Amino acid sequence: MTDSGDKKQLLHLVFGGELESLDNVQFRDLKGLDIVGIFPDYATALTAWKSKAQQTVDNAHMRYFIVHMHRLLDPQEKA
């Protein structure tokens with residue numbers, strides 16, 4: 001069971017991986033992508049993103065991203 005209350009879920013995916021170069025978003029190893037998780041709102045996703053990004057600050061090629069899944073699931077909605 002989930003506790004959704006009256007708040008609408010705006011799902012966000014946080015993931016990252018090592019890039020081939022700093023010039024574009026081309027991952028070195030797709031099998032090695034780090035799927036951090038799916039979060040119910042942007043604020044929670046941002047907290048997870050910051051944590052992972054800070055853990056890999058010494059590797060310039062490592063990048064983490066936040067994907068607004070709610071926009072992919074319902075592109076007509078304005079959120």
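Keep in mind the model is a prediction, meaning the values are calculated, not measured. (Residues numbered from 1 in each chain as written. Predicted model: local features only at pLDDT ≥ 70, side-chain atom pairs only at ≥ 80, totals over all residues. Heavy atoms only, no water.)

Draft legend 1. Representation of the overall build of the chain in the model. Summing up its helical and strand segments, the chain has two helices and three strands in all. Each helix (α) and strand (β) of the chain, taken in turn from the N terminus, gives the series β-β-α-β-α. Put simply, the chain has 79 residues, and 23% of those count as buried. Long-range contacts, defined here as pairs at least 24 residues apart, represent 61% of the contacts in the chain between residues at least 6 apart. Summed over its atoms, the accessible surface of the chain is roughly 6,000 Å², and 54% of this surface lies on carbon and sulfur atoms. (Helix = DSSP H or I, 4+ residues; strand = E, 2+ residues; numbered from the N terminus. Buried < 20%, exposed > 50% of the residue type's maximum accessible area, 1.4 Å probe, protein only. Contact = heavy atoms within 4.5 Å. Areas by Shrake-Rupley, 256 points an atom, 1.4 Å probe, with all protein chains shown as cover.)

Draft legend 2. Looking closely at the pattern of salt bridges. For the structure on display, the rule yields two salt bridges. A salt bridge links E18 to R28; its shortest N-O distance comes to 3.0 Å. Of this pair, E18 sits in strand β1 (residues 12-18) while R28 sits in the loop between β1 and β2 (34-39), and the two are ten residues apart along the sequence. Classification of E18 by relative accessible area gives partly exposed; the value is 30%. What makes R28 partly exposed here is its relative accessible area of 45%. (Salt bridge = Lys/Arg side-chain N within 4 Å of Asp/Glu carboxyl O.)

Draft legend 3. Fine view of the sheet that holds β1. Spatial ordering of the open sheet is given by β2-β1-β3, a layout of three strands whose pairing is antiparallel. Edge positions in the sheet fall to β2 and β3 (62-68), since each of these pairs with one other strand and no more. Each adjacent strand pair in this sheet contributes to an overall mean axis angle of 15 degrees, direction not counted. Here β1 pairs with β2 via five bridges, running antiparallel. Looking at β2, one finds that V14 is bridged to G37. Where helix α1 (residues 42-55) meets the sheet, it contacts β1, β2 and β3, and its direction lies at approximately 175 degrees from that of β3. (Pairing = 2+ DSSP bridges. Axes fitted to C-alpha atoms, helices over the stretch in contact; angles between N-to-C directions.)

Draft legend 4. Local environment of α1. Between its first and last C-alpha, α1 extends 20 Å over 14 residues, near the 20 Å set by a 1.5 Å rise per residue. You can read the cap of α1 off the contacts: a side-chain oxygen lies 3.4 Å from the backbone nitrogen of A43, and it is on D41. (Expected span 1.5 Å × (residues − 1). Polar contact = N/O pair within 3.5 Å; in protein donor to acceptor, adjacent residues only side chain to side chain.)

Draft legend 5. Examining the side chain of D41 more closely. When you line up the elements, D41 lands in the loop between β2 and α1. For D41, a relative accessible area of 17% gives the class buried. Separated by 3.4 Å, the side chain of D41 and the backbone nitrogen of A43 make a polar contact. Setting aside anything within four residues of it in sequence, one finds D41 in contact with K7, L10 and H12.

Draft legend 6. Geometry of the environment of Q9. Looking at where Q9 falls in the secondary structure, it is placed in the segment before β1. Along the chain, Q9 and H70 lie 61 residues apart, while their C-alpha atoms are 8.0 Å from each other.

Scope: geometric values only; no functional claims are made or implied.
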